[in-house]
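Commentary on secondary and tertiary structure
One letter stands for each residue in the lines below.
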Amino acid sequence: MESRLAEIMREKGIRRTPQRLAVWREFSRRPGLTIREAARRLEAAGIGQATVYRSVKALEGAGLLLGFPAPGGELRYAAVLGHAHLLVCEKCGRVTQFGECRLGDYETEVQRKTGYRISGHTLVIYGVCPHCQEGGDSASKR
Ligand SMILES: [Zn+2]
Ligand SMILES: [Zn+2]
């Protein structure tokens, strides 16, 4: 995963600073953090808030972080490697990457209908995870 990360950073021409790698890893370990939450955690590693904000913007621009609106209204981020499909639980905020992609034909169709030259997509699917679906009644029955 980290070698793909290095490859994308090289392709996009963004510098591989230790701070940027630390920021990316933080969102990789804990997908769904807000910038503020990540900054609070990275403070311990000696990375200042302004650096975290700048790194997030640089990584997002290179397709290495994906920001998405989540319940509560704040933008949350997940580490991605370019092309990504995320499943977001609306109750607990859990973020899962879903690997399988069936959007190739859809992209072709969009391209044909709009005349755009399509370069890619990211997809965020919202729902309630199995754990949260169970949570409610199994806990109360006990
Ligand atoms: Zn959940
Ligand atoms: Zn896809």
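Read on for an overview of the structure. Everything numeric in this text was worked out from a predicted model, so none of it was measured.

**Focus on the pattern of salt bridges**
Taken as a whole and judged by the stated rule, the model has 10 salt bridges. A salt bridge links Glu2 to Arg25; the shortest N-O distance between them is 3.0 Å. Placement of Glu2 in helix α1 (residues 2–12) and of Arg25 in helix α2 (residues 18–29) is noted, with a sequence separation of 23 residues between them. Here Arg36 makes a salt bridge to Glu74, at a shortest N to O gap of 2.9 Å. Here Arg36 is found in helix α3 (residues 35–42), whereas its partner Glu74 is found in the loop between β1 (65–69) and β2 (75–79), with 38 residues between them in sequence.

**A word on α2**
Here α2 is 12 residues long and its end C-alpha atoms lie 16 Å apart, about the 16 Å a rise of 1.5 Å per residue gives. Buried residues of α2: Arg20, Leu21, Ala22, Val23, Trp24, Glu26 and Phe27, and no others. Elements in contact with the buried residues of α2: α1, α3, α4 (49–61), β1 and β2.

Basis of the calculations
- Residues numbered from 1 in each chain as written.
- Chains lettered and ligands numbered in written order.
- Predicted model: local features only at pLDDT ≥ 70, side-chain atom pairs only at ≥ 80, totals over all residues.
- Heavy atoms only, no water.
- Salt bridge = Lys/Arg side-chain N within 4 Å of Asp/Glu carboxyl O.
- Helix = DSSP H or I, 4+ residues; strand = E, 2+ residues; numbered from the N terminus.
- Expected span 1.5 Å × (residues − 1).
- Buried < 20%, exposed > 50% of the residue type's maximum accessible area, 1.4 Å probe, protein only.
- Contact = heavy atoms within 4.5 Å.

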